[in-house]
Amino acid sequence: MSAASGSKALNGKLVTVFGGSGFIGRHVVRALARRGYRVRVAVRRPDLAEHVQPLGAVGQIMPVQANLRHRWSVDRAVQGSDAVVNLVGILYEAGAQTFDAVQSFGPRAVAEAARAAGIDKVVHLSAIGADANSPAAYARSKAAGEQAVLETVPQAVILRPSIVFGPEDDFFNRFAAMARMSPALPLVGGGATKFQPVFVGDVAEMVARAVDGELRPGGIYELGGPEVLSFRQCLETMLKVIRRNRLLLPLPFRLARLQARVLQVLPKPLLTVDQVEMLKVDNVVSGEAEAEGRTLKGVGIEPRTLAAILPTYLDRFRQHGQYAANRMTPGPEV
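None of the values given here were measured: they were computed from a predicted structure.

Caption draft 1: Focus on the overall build of the protein. Across its full length, the protein holds 12 helices and 13 strands. Over its C-alpha atoms the protein spans a radius of gyration of 20 Å, differing by no more than 12% from the 20 Å that the globule rule assigns to 334 residues. Along the three orthogonal principal directions, the C-alpha set of the protein runs to about 60 × 50 × 40 Å. Within the protein, the fraction of its 334 residues that count as buried is 51%. Across the protein, the fraction of contacts at a sequence separation of at least 24, relative to all contacts at a separation of at least 6, is 75%.

Following this line, the structure appears as structure tokens:
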């Protein structure tokens, strides 16, 4: 069965998706293509985004060049679109890719371009924890991006997920890779920080429903999975799936901050000072969002669990890979 076989007939509408070639982006593009939208995937390097084209029918998905720091390219990318989705975000700063440039200025550029083109259907992916008063630059820039979008296009829809998991995620895959090489894993702050991991497919479905017009204009939705787990519980769940025993070492925030000062200078840092600050605050859906139905369940999406999804992509980290479960005489856990 081809990737496009489950798609509806093309509906004649065009959606521009900024950041559509990334982890979350490819799932969003697939969800939109299955609904019959034509999708313009706006990315800095279209030559590295060809993997999204098989997610739809021939000619349905087309990568184009755009850089949120270059307004003219953003204007060009939204021309002729019926809706605009912004998924661009970074976890750490590198060169010109700063939090302010990507997550504050960028969303404003997208919203202003949409408004200038007469597009009032804008969906912006933010994050739980977005806070103008946060000590973490990441959280402050996310809040600034939300404000910029809603000031420019008041009817835009804002989506705030907790940590997102799925085949290409940067959380469970990273720690599973560490567990394959190291006898111990660090628990920043003792591992007490709470998360509400949400499956990338559920986030993509929420984006698609926003494009369909099923979510409240101007609404801010918080996306979390069915379980609230501590940092420690997340790692314990991951270790159980990959069938490895590893020591979980509590790392006080003060010591983690010192280590982060060294690690954050790496090309792809394992930990930054900003991330340490973020781990001091729980990352879960608020009671207000639950009460007001601004959640996955609130719009009729039953979120999928870690137990159902993790084994589908973490089995390669088992001692004998995906075939570990089929061995007649299992080896000892390592």
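Caption draft 2: Quick look at the sheet that holds strand β1 (residues 14-18). Strand order in this open sheet of seven strands is β3-β2-β1-β4-β5-β6-β11, and the pairing throughout is parallel. Here the strands that pair on one side only, and so sit at the sheet edges, are β3 (61-65) and β11 (220-223). In this sheet, adjacent strand axes meet at a mean angle of 20 degrees when their direction is disregarded. Taken strand by strand, helix α4 (residues 137-152) contacts β5 (122-125), β6 (157-161) and β11, and its axis lies near 175 degrees from that of β5.

Caption draft 3: Fine view of helix α6 (residues 200-212). With 13 residues, α6 extends 18 Å from end C-alpha to end C-alpha; this agrees with the ideal 18 Å at 1.5 Å per step. Among the 13 residues in α6, 12 count as buried, and that is most of the element. Every buried residue of α6 is accounted for by Val200, Gly201, Asp202, Val203, Ala204, Glu205, Met206, Val207, Ala208, Arg209, Ala210 and Val211. Just downstream of α6 lies Gly213, where phi reads positive at about 90 degrees.

Caption draft 4: Layout of the pairing of strand β4 (residues 83-86). Burial of the side chains of β4 extends over both faces: Ala83 and Val85 are buried on one face and Val84 and Asn86 on the other. With four bridges connecting them, β1 and β4 associate as parallel partners. Following the sheet pairing, Val15 is matched in β4 by Ala83. Examined bridge by bridge, β4 and β5 share three bridges and lie parallel to one another. Residue Asn86 lies in a different strand from β5, and its bridge partner there is His124.

Caption draft 5: Representation of the packing of helix α2 (residues 71-78) against helix α3 (residues 99-116) in the model. Running from N to C, α2 and α3 point in directions that differ by 45 degrees, and their axes come no closer than 9 Å. Relative to α3, α2 is oriented oblique. Crossing of α2 over α3 shows right-handed handedness. Packed against α2, whose contacting residues are Arg71, Val74, Asp75 and Val78, the element α3 presents Ala109, Val110, Glu112, Ala113 and Ala114 at the interface. Residues belonging to the contact of α2 with α3 are distributed by class as follows: six nonpolar, no polar and three charged.

Scoring rules and cut-offs
- The residue numbers shown here count from 1 along each chain, following its written sequence.
- Local features in a predicted model are, by the rule used here, given only for residues with pLDDT of at least 70; side-chain atom pairs are given and counted only at 80 or more, and totals for whole chains, interfaces and linings are based on all residues.
- Hydrogens and waters are ignored; side-chain quantities use all the structure's heavy atoms.
- Helix numbers and strand numbers start at the N terminus; a helix is a DSSP run of H or I with at least 4 residues, a strand a run of E with at least 2.
- This radius of gyration counts C-alpha atoms alone. The globule rule is 2.2 Å times how many residues there are, raised to the power 0.38.
- Think of it in three bands: with a 1.4 Å probe and only protein chains considered, a residue is buried below 20% of the maximum accessible area for its type, exposed above 50%, and partly exposed in between.
- The contact rule is simple, with two residues in contact once any of their heavy atoms fall within 4.5 Å.
- In short, DSSP must find at least two bridges between two strands for them to pair.
- For helices, the fitted axis covers only the stretch in contact; all axes are lines through C-alpha atoms, and the angles between them, taken along N-to-C directions, range from 0 to 180 degrees.
- Expected span, for any helix, means 1.5 Å times one less than how many residues it has.
- Under this scheme an angle from 65 to 115 degrees is roughly perpendicular, one under 35 degrees roughly parallel, and one over 145 degrees roughly antiparallel; angles in between are oblique.
- Note on convention: near helix rotated counterclockwise from far helix by under a right angle means a left-handed crossing. Clockwise means right-handed.
- Under the grouping applied here, Gly and all other residues not named as nonpolar or charged are polar, the nonpolar ones being Ala, Val, Leu, Ile, Met, Phe, Trp, Tyr, Cys and Pro and the charged ones Asp, Glu, Lys and Arg.

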